[in-house]
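Take a look at the letters that make up each chain.
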Amino acid sequence: DERQHLAQARLAELRDRARRVHGVVEKRVGQTESVRDRIGRRRGMDEHNRAAFFAVTSTIDSDYERHRVLSAVISRDRPSDPALLQSALSQATSLGSDYEAATFLLEVLKQNGVEGAARDPFFKVAGGLGSGYERGRVLQEVVRKSDASVDTLRAVLQTSKGMSGYELSQLLQS
């Protein structure tokens, strides 16, 4: 009887803990969405405010958190303001995590593409990826885009310098 009572008490404790964790997750998701909404309203920010915004963003120590902010800046519904996109890509060069930088580049590629003024800063970030796997992951997605221009494909080849083995093989077969 006592063991059953202890087991029931432990189960109730675990249920309470799960509810609290679930509440924290819901709260954080809500905060993330509201931050994205607030940043989204600032897409038309002028050059001075944009510089100040990214200066503050650069003080975020966590690559994960900085990636989240940069992702919130780029538009999910339509192409982002070119100046804002270039600033976000410039900020992405300071991401120390190849995974976070590559994931951000894939988001940029999906939402905005890499043609035009975004091409150079995009490939600067991609070229800075030390991980052959992450660089290959990004470059393969660029090559898969049916609207990739000759200049963009040339940039892919230039950015593939330093890659070898499996990752380079996969890229060249894309």
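Residues numbered from 1 in each chain as written. Predicted model: local features only at pLDDT ≥ 70, side-chain atom pairs only at ≥ 80, totals over all residues. Heavy atoms only, no water.

Draft legend 1. Main features of the packing of aromatic side chains. Scanning the model with the defined rule gives two aromatic pairs in all. Pairing F53 with F54 gives two aromatic rings, centres 5.1 Å apart and planes at 90°, and the pair type is edge-to-face. Classification of F53 by relative accessible area gives buried; the value is 18%. By relative accessible area, F54 is classed as buried at 6%. Ring geometry for F122 versus F123: centroids 5.2 Å apart, planes at 75°, classification edge-to-face. Residue classification places F122 among the buried positions, given a relative accessible area of 0%. Assessed through its relative accessible area of 8%, F123 is described here as buried. (Phe/Tyr/Trp six-rings, centres within 6.5 Å; stacked < 30°, edge-to-face > 60°. Buried < 20%, exposed > 50% of the residue type's maximum accessible area, 1.4 Å probe, protein only.)

Draft legend 2. Quick look at the pattern of salt bridges. In this structure the tally under the stated criterion is five salt bridges. Salt-bridge contacts for E115 lead to R119; the nearest nitrogen and oxygen are separated by 2.9 Å. Judged by its relative accessible area of 17%, R119 falls in the buried class. Its salt-bridge partner being R154, residue D151 comes within 2.8 Å of it at the nearest N-O pair. (Salt bridge = Lys/Arg side-chain N within 4 Å of Asp/Glu carboxyl O.)

Draft legend 3. Quick look at helix α2 (residues 47-57). Taken as a whole, α2 has its buried residues at R50, F53, F54 and T57. When α2 is viewed along its axis, its buried side chains cluster within an angular range of 90° and face the same direction. Across from the buried face of α2, at angles greater than 90 degrees, the exposed residues are H48 and V56. (Helix = DSSP H or I, 4+ residues; strand = E, 2+ residues; numbered from the N terminus. Arc of directions from axis to C-beta.)

Draft legend 4. Main features of the nonpolar core. Formed by 33 residues in total, the largest nonpolar core has its most connected members in L89, F104, L105, F122, F123 and V138. Secondary structure elements with two or more residues in this core: α2, α3 (63-73), α4 (82-92), α5 (98-111), α6 (119-127), α7 (132-144) and α8 (150-159). Leave out the neighbours within four places in its chain, and L89 touches F104, L105, V108, A118, P121, F122 and V125. (Core = buried A, V, L, I, M, F, W, Y, C linked by side-chain atoms within 4.5 Å. Contact = heavy atoms within 4.5 Å.)

Draft legend 5. Seen up close, α7. With 13 residues, α7 should reach 18 Å at 1.5 Å per residue; the first-to-last C-alpha distance of 18 Å fits that figure. For α7, the set of buried residues is E134, R135, G136, V138, L139, Q140 and V142. Buried-residue contacts for α7 involve α5, α6, α8 and α9 (165-173). (Expected span 1.5 Å × (residues − 1).)

Draft legend 6. Main features of the packing of α4 against α6. Put simply, α4 and α6 touch, their axes get as near as 9 Å, and they point 15° apart. The angle between α4 and α6 places the two elements in the roughly parallel class. Seen along the crossing, α4 lies across α6 with a hand that is left-handed. Facing α4, whose interface residues are Q86, L89 and A92, α6 presents P121, F122 and V125. A per-class count over the contact of α4 with α6 returns five nonpolar, one polar and no charged. (Axes fitted to C-alpha atoms, helices over the stretch in contact; angles between N-to-C directions. Parallel < 35°, antiparallel > 145°, perpendicular 65-115°, else oblique. Left-handed = near helix turned anticlockwise from the far one by under 90°. Nonpolar A, V, L, I, M, F, W, Y, C, P; charged D, E, K, R; others polar.)

Draft legend 7. Structural view of the side chain of Q91. Mapping Q91 onto the fold places it in helix α4. Using a relative accessible area of 9% as the deciding quantity, one classes Q91 as buried. A distance of 3.4 Å separates a polar side-chain atom of Q91 from the backbone nitrogen of S58. If we ignore the near neighbours within four places in the chain, the residues touching Q91 are F54, T57, S58, R66 and L70. (Polar contact = N/O pair within 3.5 Å; in protein donor to acceptor, adjacent residues only side chain to side chain.)

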